[in-house]
Amino acid sequence: DGRLARWLSPSLDSLLARDMPRRDAERLLDDAERHAFDALEKATGDELAHGFARWIRLRLARAARLSGATRLFAFRDLMTDIANDPRHVDAWAIDACIDLQLAWASWLLGDAATARLSAAEQDCDRLARIGPDAATRALRRRGEIWLHRAQRQNVSARLSALDRAQALFDDAHERSPNAETALR
């Protein structure tokens, strides 16, 4: 869906960062969810997989705008909805679930955040088993997880986590060179 894709690219980051007034964000999210739902009803094959991942990210954006316990309940509900959907085993859906785990971890502290990062790594394992392209994507996502881990560590331990992240990015770039991975 071209209109939805044009909307998602600049707006999703803004919604996740909570830069937009709540009323404007709710209106945009409602429009995007309606477009995504319409696209899912018409989708087949790969379009269906992309649509489901887009739906996950839209629900993530909506939940991210909440606060406190309401946000955590929204995340738990979303995780349950994903687990109960047969499309949750697709590479695009798993990749969206990694985004969900990383966002969730960013709002937690200590062991709770570590558990979310471990869950994201388990999603990377699932992603890697799908095939060579997905395995390369899993390496890049695992590097992002190690960057998140580094942010949570004290200065003396941070360097080893950053080295691990860099090694994963290098491996992913060696397998499939692209600018996004090179910039990481």
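Look a little higher up for the structure.
Below is a short write-up of the structure.

The rules behind these values
- Residues numbered from 1 in each chain as written.
- Predicted model: local features only at pLDDT ≥ 70, side-chain atom pairs only at ≥ 80, totals over all residues.
- Heavy atoms only, no water.
- Helix = DSSP H or I, 4+ residues; strand = E, 2+ residues; numbered from the N terminus.
- Contact = heavy atoms within 4.5 Å.
- Salt bridge = Lys/Arg side-chain N within 4 Å of Asp/Glu carboxyl O.
- Buried < 20%, exposed > 50% of the residue type's maximum accessible area, 1.4 Å probe, protein only.
- Polar contact = N/O pair within 3.5 Å; in protein donor to acceptor, adjacent residues only side chain to side chain.
- Expected span 1.5 Å × (residues − 1).

Our next topic: the overall build of the chain. In terms of helices and strands, the chain carries 9 helices and 0 strands. Residue pairs at least 24 apart in sequence account for 63% of intrachain contacts in the chain once pairs closer than 6 positions are excluded.

Here the structure, examined in full by the defined rule, presents 13 salt bridges. Between Arg137 and Asp95 there is a salt bridge, and its shortest N-O distance comes to 3.2 Å. Placement of the pair is Arg137 in helix α7 (residues 132–152) and Asp95 in helix α5 (residues 91–106), with a sequence separation of 42 residues. Residue Arg137 is classed as partly exposed on the basis of its relative accessible area, which comes to 28%. For Asp95, the salt bridge goes to Arg141, with nearest N and O atoms at 2.8 Å. Residue Asp95 is found in helix α5, and its partner Arg141 is found in helix α7; the two are separated by 46 residues along the sequence. Both residues of the pair, Asp95 and Arg141, belong to the buried class. One network of salt bridges, in which partners are shared, links Arg57, Asp95, Asp99, Arg137, Arg140, Arg141 and Glu144.

Now for the side chain of Asp95. Overall, Asp95 belongs to the buried group, its relative accessible area being 4%. In this structure Asp95 touches Arg57, Leu127, Arg137 and Arg141, once residues within four positions along its chain are discounted.

Let us now look at the environment of His88. Considering the arrangement of structural elements, one finds His88 in the loop between α4 (68–83) and α5. When the C-alpha positions of His88 and Ala49 are compared, they lie 8.9 Å apart, and in sequence the two are 39 residues distant. With residues up to four places along the chain from it excluded, the contact list for His88 reads Phe52, Ile82, Ala83, Ala93, Ile94 and Arg126. Only 2.6 Å separates the side chain of His88 from the backbone oxygen of Asp85, close enough to count as a polar contact.

What follows concerns helix α6 (residues 110–128). Under the 1.5 Å per step criterion, the end-to-end length of α6 is 27 Å for 19 residues, consistent within 8% with the ideal 27 Å. Within the span of α6, buried status applies to Ala113, Leu117, Ala119, Ala120, Glu121, Asp123, Cys124 and Leu127. On the buried face of α6, the contacting elements are α5 and α7.

Below, the discussion takes up the side chain of Asp123. Here Asp123 shows up in helix α6. Asp123 sits in the buried class, given a relative accessible area of 8%. Excluding anything up to four places from it in sequence, Asp123 contacts Ile94, Cys97, Ile98 and Gln101.

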